[in-house]
Amino acid sequence: MIIYVTKKTVERYRIGMCAPSPMKEIADAVIQHERGDTLFEWGAKLFYFDRRKCLEVANFASKFTLFLVDIKVDDLPGIGSLIAHYMSYIYENDPVMTDLL
């Protein structure tokens, strides 16, 4: 899963563009493997709702969009898990989608 974020999102969440050394190698391998396949690529954009930081996360291939409300800086490392959890929850009654996920 590759998540592309807007410049404003990077600034507000103070996202570093370089991962620590051991994670950088893993991240680079994932990016090389998944880049170019829009099914694995997501866009994320910061917006405010009721004075809370929120993220709009959209899949490039399917246009599937999630709105994550009140996302803190400490929540960012687990954003992929949050997306996977929400998708599992949404499609829990659909065995075909559950198998695909």
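First things first, this report covers the structure right here in the doc. Given the structure is predicted, the values throughout are model-derived calculations rather than measurements.

## A look at a nonpolar patch on the surface
Taken together, the side chains of Met 23, Ile 26 and Val 30 present a nonpolar region at the surface, about 260 Å² in accessible area. Following the sequence through the fold, Ile 26 ends up in helix 2 (residues 21-34).

## Describing the sheet that holds strand 2 (residues 41-49)
Read from one edge to the other, the open sheet built from 4 strands follows the order 1-2-3-4, with strand pairing classed as mixed. Of all the strands in the sheet, the pair left with one neighbour each is strand 1 (2-5) and strand 4 (65-68). Between one strand and the next, the sheet's axes are offset by a mean angle of 30°, whatever the strand orientation. Relative to strand 3 (residues 52-59), strand 2 is paired through 8 bridges, and the arrangement is antiparallel. Opposite Lys 45, over in strand 3, you have Glu 56 as the bridge partner. Its contacts with the sheet put helix 3 (residues 79-90) on strand 1, strand 2, strand 3 and strand 4, and the angle it makes with strand 4 is roughly 115°.

## Remarks on the nonpolar core
Counting residues in hydrophobic clusters, the biggest one holds 14 residues, and the most contacted among them are Tyr 13, Trp 42, Leu 55, Val 57, Leu 68, Ile 71 and Ile 83. At the level of elements, strand 2, strand 3, strand 4 and helix 3 are the ones that each hand at least two residues to this core.

## Here we look at unusual backbone geometry
Here Asp 50, not a glycine, exhibits a phi torsion of approximately 55°, which is positive. One non-glycine residue, Lys 63, lies in the positive phi region at around 65°. Along the chain, Lys 63 falls in the loop between strand 3 and strand 4.

## Some points on the environment of Ala 61
Following the sequence through the fold, Ala 61 ends up in the loop between strand 3 and strand 4. Separated by 19 residues in sequence, Ala 61 and Trp 42 have C-alpha atoms that sit 8.5 Å apart. With residues up to four places along the chain from it excluded, the contact list for Ala 61 reads Thr 38 and Leu 39.

## So, the layout of surface pockets
Space inside the second largest pocket adds up to approximately 450 Å³. Lining the second largest pocket are 14 residues, and of these Leu 39, Trp 42, Met 87, Leu 100 and Leu 101 lie nearest its centre. For the lining of the second largest pocket, the secondary structure elements donating two or more residues are helix 3 and helix 4 (95-100). Looking at which element gives the most residues to the lining of the second largest pocket, the answer is helix 3, with 3 residues.

About the criteria used
Residue positions are counted from 1 within each chain, in the order its sequence is given. For a predicted model such as this one, the threshold for reporting local features is a pLDDT of at least 70, and the threshold for listing and counting side-chain atom pairs is 80 or more; totals across whole chains, interfaces and linings nevertheless cover every residue. Side-chain metrics in this entry use all non-hydrogen atoms of the structure; hydrogen atoms and water are not considered. A patch consists of residues whose relative accessible area exceeds 30% and which take part in no salt bridge; residues with like charges are grouped when within 9 Å of each other, and nonpolar side chains (Val, Leu, Ile, Met, Phe, Trp, Tyr) when within 5 Å. To measure how exposed things are, a 1.4 Å probe is used in the Shrake-Rupley method; for residues, cover is taken only from the protein chains shown. The working definition used for a salt bridge is a side-chain nitrogen of Lys or Arg within 4 Å of a carboxyl oxygen of Asp or Glu. Strands are runs of DSSP state E lasting at least 2 residues, helices are runs of H or I lasting at least 4, and numbering of each runs from the N terminus. Pairing between strands is defined by DSSP: at least two bridges between them are needed. Every angle, taken between N-to-C directions, lies between 0 and 180 degrees, and every axis is a line fitted to C-alpha atoms, over only the stretch in contact when it is a helix. Here, two residues are considered to be in contact whenever any of their heavy atoms come within 4.5 Å of each other. Definition used in this section: a nonpolar core is a set of buried Ala, Val, Leu, Ile, Met, Phe, Trp, Tyr and Cys residues joined via side-chain atoms within 4.5 Å. Under the scheme applied here, a residue whose accessible area is under 20% of the maximum for its type counts as buried, over 50% as exposed, and between as partly exposed, the area being computed with a 1.4 Å probe on protein chains only. Of the two site types, the cavity is a set of points on a 1 Å grid over the protein atoms alone where a 1.4 Å probe fits but cannot get out, and the pocket is an open set with protein on both sides within 12 Å along at least five of seven lines, each lined by residues with an atom within 4 Å of a point. Grid points are joined across faces, edges and corners, and a volume is the space filled by probe spheres set on the points.

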